[in-house]
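Coordinate analysis (summary)
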Protein chains: 2
Amino acid sequence: MQALVLEAKHQPVQYKTVPDPQPAAGEVLVQLKAAALNRRDYFITQGLYPGIKLPLILGSDGAGVANGREVIINPNINWGSNPNYQSYEYNILGLPKNGTFAEYVLVAESQLTNKPSHLTWEQAAALPLAGMTAYRALFTKGRLGSGERVLITGAGGGVALFAIQFALAAGAEVYVTSGSSAKIEQAKALGVTGGANYHEEDWPKQLATLADSFDVILDSAGGAGFTPLLKLCKPGARVVIYGGTLGKIPEVSPQIIFWKQISIMGSTMATDEEFAQMIQFVNKQQIIPIVDSVYPLAEGQQAFAKMADNKQFGKIVLKIA
Amino acid sequence: MQALVLEAKHQPVQYKTVPDPQPAAGEVLVQLKAAALNRRDYFITQGLYPGIKLPLILGSDGAGVANGREVIINPNINWGSNPNYQSYEYNILGLPKNGTFAEYVLVAESQLTNKPSHLTWEQAAALPLAGMTAYRALFTKGRLGSGERVLITGAGGGVALFAIQFALAAGAEVYVTSGSSAKIEQAKALGVTGGANYHEEDWPKQLATLADSFDVILDSAGGAGFTPLLKLCKPGARVVIYGGTLGKIPEVSPQIIFWKQISIMGSTMATDEEFAQMIQFVNKQQIIPIVDSVYPLAEGQQAFAKMADNKQFGKIVLKIA
C-alpha cells in the first residue's frame, strides 16, 4: 500500500510503498478514505514526543470502510478503567502503532463507530482526536452550561475550533483570543460574540470590556498569558488547561483562586465513553467540522508544511481514496 | 457586658465594658460560654482585611446558650443561593457585625445548631469556622475517599488540623508538612502516617520516598513551595488551595496539569449545608477538636499574642462563662 512514513526525526515524511498490513486476531482492517493531521503528528516529526519508534506511519484521525461499514476511528488505545485519567498503558493510534496516513490501518473492532451520515469523508476524518479532546475539556471538565459565557483562547487550533462549535451548539455565549485578527473575524462568522488579539498588550482589558468575566475558560497556551485569565474569571469559574505551547505559567495568585473559588483543571484526550458522547452530540447538533484544506496523500509533505506555518483555520485533511 | 474591643488597627484588643446588645426582629441573643480565635481575627487587628469598621468586637467562633438551648454558631452571613461560591453580600460574624469575643452576641436563629453533646464548651467553640473550611476543602472540593492518600501542608493551623482529623476519620492515609518537626510528631500522635519539615530543602523528595504520590493535597501557603506539590500528584489528583500565606506561586507547568489530569481548586469557608454536614460528621465520628490553650476573656490580649507567635498546635480558645 501507499503511506506517509516518518523514517527519521527532523526529516519530512516520505510517500512510499510499504507492505499491506495483515490483521492479527481481534484486529480489523480499515480502508481509509481520509485522514487528518494533528499538532501531535507535527511534534513527532520534530522529535518532540517521548517513545518515538521509527520507521512509523503517522496519523491518529481517519475515516473509511471496514468490512463494508462506513466508519470513523476512535484513536484511543488502552485508556484504562478510571475515567478521571488515562492508564500508564495508554497510547494513541499513530505512535507507537502505525496510524492513518496510509491506504489501510489496523485497529480494534471497539475503535470503530459509524461515520455520521451528514459528513463527507474529509469532514468525518477531521473529527476524532480534536473533537474528543474539546468535548472532555468543555463538558466533562468545564461543565459548560447553556447561557454561560466561555472564553476559548487560540481560535484556529483544531481543538479550539471544535470547542467553539460545541459551545455554540450547547447555547453558550462564546468569546475567543487569537494572534490573528483575521481568525477572530472567522470565529465571529461562526457565531462567536467577540474576541481580542493577544498581540495587543491590553487584550485582557479588551475582553473585560466586551464580556466582563467568564464562567468557563479553555486554554492550551499557558505562559505569561495565563495569569490575566484568572482575573477574567467569574466566582466559581472553571479554567481548563489542555495544552501548554507557551510553557510555564510565571505567576499565579492563590488569593484569586480561593477567594473566587476557581477550579483549574487539566484535561487531555478523552475516554471511550466521551468519544461516543461526542459523536452523538455531533450527530444530534448536525455539527460540521471545519476543514481548512485537503491534500492528496501523495502530497502529505505540503500538508505538514501547512501545519508548520500555523496559518490554518480548521483541520488539515489528507484525501486517500 | 464585657467584651474584647478593637478600637484601632495595630493596637491590642481592649477588654472593656460595652452596652448589652439588644435583639432586633429575627435576631437571637446568645450568652457565650466560649469563643475561639482564627487567623482572620489576628489579620483584622493588623489591618489586613478589607472593610474594617471600628470599634469592633472580633470573633467568628462561639458556643453558648440561646433561650435555654445549648448551641454553637454558624459564622456564615448571606452565603447566597449558589453552593459553588459566596455571594457579594457574604460576610462572616465578627466583621462588620460584632462577634463572639464578648458575653453576648446577636445572630440569626438560622445560625444556631445544637452543640455536639460529646464536646466541652471550649471544644465546641473551636469547631465552626476552621471545621467548615476543612470540610468543604477536603470533601466537597477534594472529594477525598476512604483509602486515598492525602497531603495536608502546614500541620498545626486550625483548618489543617481539622482536615487531618476528618481525613483520618474518613479512612484516608494522611501525610503532613510543617516548619516544625515537633508539630509533625504531634500530628503522628493523632494517626498521621508521616511528614516532612519544609525548612529542609529536600522535603519534596522526603515525601516522595515516604508516600510516592498523593490523591489529594490541601495547601494554604502558596509561594514557591506550591510548585513541587504538583510533582507529588498522582494522575487525577485534586489540589485544594484554601489560603496563600506565602503569596504568589512563581512557576506552574501546564504540561504536568493536563497530562496528569490534575484539578487545582480554590476553596474558602463553606455553605450552610456544608456546615450542617460537618457537624453531623463530627457527631457521628465523635471527633474532638484540638484545643491548644484556653484564656479567660479578660486575658484576650495574651490569646492574640499566642496566635501572633504561631507556635500553637490546635485552636486558641477564650473561656467566657
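What you see is a predicted model, and the numbers here were worked out from it, not measured in a lab. (Residues numbered from 1 in each chain as written. Chains lettered and ligands numbered in written order. Predicted model: local features only at pLDDT ≥ 70, side-chain atom pairs only at ≥ 80, totals over all residues. Heavy atoms only, no water.)

1. Section: the sheet that holds strand E2 (residues 14-17) of chain B
Residue and element names in this part refer to chain B. Where we set the bar: Pairing between two strands is assigned when DSSP locates at least 2 bridges connecting them. Under the scheme used here, helices are H or I runs from DSSP no shorter than 4 residues and strands are E runs no shorter than 2 residues, and both carry numbers assigned from the N terminus.
Read from one edge to the other, the open sheet built from three strands follows the order E2-E1-E4, with strand pairing classed as antiparallel. Bordering the open sheet on either side are E2 and strand E4 (56-57), each of which pairs with just one other strand. Of the pairings in the sheet, the one linking strand E1 (residues 2-6) to E2 comprises four bridges and is antiparallel in character. Paired with Gln2 across the strands is Thr17, a residue of E2.

2. Thoughts on the relation of the copies chain A and chain B
Counted only if it meets this: When the copies are superposed, the least-squares fit takes in the C-alpha atoms of residues with a pLDDT of at least 70 in both. Residue contacts follow a heavy-atom distance rule, with two residues in contact if any of their heavy atoms lie within 4.5 Å.
You can overlay chain A on chain B at an RMSD of 0.0 Å; the transform is a turn of 180 degrees with a shift of 0.0 Å along its axis. Within this description, the copies of the chain are treated as partners about a two-fold rotation axis. For chain A, the residue whose C-alpha comes nearest the rotation axis is A:Ile264, separated from it by 2.5 Å. In this assembly the copies share their binding face: 100% of the residues contributing to the interface of chain A also contribute to that of chain B.

3. Observations concerning the pattern of salt bridges
The test is simple: Just to be clear on terms, a salt bridge is a Lys or Arg side-chain nitrogen sitting within 4 Å of an Asp or Glu carboxyl oxygen. Only protein chains enter the accessibility calculation, which uses a 1.4 Å probe; a residue is then buried when its area is under 20% of its type maximum, exposed when over 50%, and partly exposed in between.
For the structure shown, the criterion picks out 24 salt bridges over all chains. The shortest N-O distance in the salt bridge between A:Lys16 and A:Glu7 comes to 2.6 Å. Classification of A:Glu7 by relative accessible area gives partly exposed; the value is 37%. Residue B:Arg69 is joined to B:Glu109 by a salt bridge in which the shortest nitrogen-to-oxygen separation is 3.6 Å. With B:Arg69 in strand E6 (residues 69-73) and B:Glu109 in the loop between strand E9 (104-108) and strand E10 (112-114), the pair connects residues that are 40 residues apart, well separated along the chain.

4. Quick look at the domain arrangement of chain A
All names here are of chain A. For clarity, the threshold we go by: The start and end points of each domain follow an automatic or database-based domain assignment. Buried area, as used here, totals the accessible surface that two parts lose on assembly, with accessibility defined by a 1.4 Å probe and the loss added over both. Identification of polar contacts relies on pairs of N or O atoms within 3.5 Å, with a donor-acceptor requirement for protein atoms, meaning one able to donate a hydrogen and the other able to accept it, and with residues adjacent in sequence counted only if both atoms are side-chain atoms. By the convention adopted, Pro, Cys, Tyr, Trp, Phe, Met, Ile, Leu, Val and Ala count as nonpolar, Lys, Arg, Asp and Glu as charged, and the other residues, Gly among them, as polar.
Splitting chain A by domain gives domain 1 (2-127 + 289-319) and domain 2 (132-266). Counting residues at the interface gives 17 residues for domain 1 and eleven residues for domain 2. Contact with domain 2 buries surface across domain 1, with Leu127, Ile290 and Phe313 losing the most and accounting together for 47% of the total. Remark: the boundary between domain 1 and domain 2 carries zero salt bridges. Linking domain 1 to domain 2 there are four residue pairs in polar contact (both at pLDDT 80 or more). In terms of residue class, the side of domain 1 that touches domain 2 is built from nine nonpolar, six polar and two charged.

5. Observations concerning the side chain of A:Thr100
All names here are of chain A. The topology assignment puts Thr100 in the loop between strand E8 (91-92) and strand E9 (104-108). Within the structure, the side chain of Thr100 is placed 2.7 Å from the backbone oxygen of Asp61, a separation counted as a polar contact. Excluding residues that lie within four positions of it along the chain, Thr100 makes contacts with Leu32, Ala35, Leu58, Gly59, Ser60, Asp61, Gly62, Ile73, Leu93, Val105 and Ile320.

6. A look at the pairing of strand E17 (residues 291-296) of chain B
Residue and element names in this part refer to chain B. Our working rule: By the criterion used throughout, a crossover qualifies as right-handed when its path from the first strand across the helix to the second strand runs clockwise, the strands pointing away from the viewer.
Note that E17 and strand E18 (residues 315-319) share five bridges and pair parallel. Counted as the bridge partner of Val291 is Lys315 from E18. For the segment spanning E17, helix H10 (residues 300-309) and E18, crossover handedness is right-handed.

7. Digging into the interface of chain A and chain B
You'll often see interface size given as the accessible area lost when the parts meet. Taken together, the 34 residues of chain A in the interface contact 34 residues of chain B. Overall, the association of chain A and chain B removes approximately 2900 Å² of surface from exposure, summing both partners, and the carbon and sulfur fraction of that is 59%. Taken as a group, A:Pro254, A:Phe258 and A:Gln261 account for 21% of the area that chain A buries against chain B, more than any other trio of residues on that side. Summed over the shared surface of chain A and chain B, the result is two salt bridges. Residue A:Lys248 pairs with B:Glu251 through a salt bridge whose shortest N-O separation is 3.4 Å. The interface formed by chain A and chain B holds 19 residue pairs in polar contact (both at pLDDT 80 or more) in total. For the side of chain A that touches chain B, the leading source of residues is helix H8 (residues 254-259) of chain A, giving five residues. Relative to strand E16 (residues 263-266) of chain B, strand E16 (residues 263-266) of chain A is paired through three bridges, and the arrangement is antiparallel.

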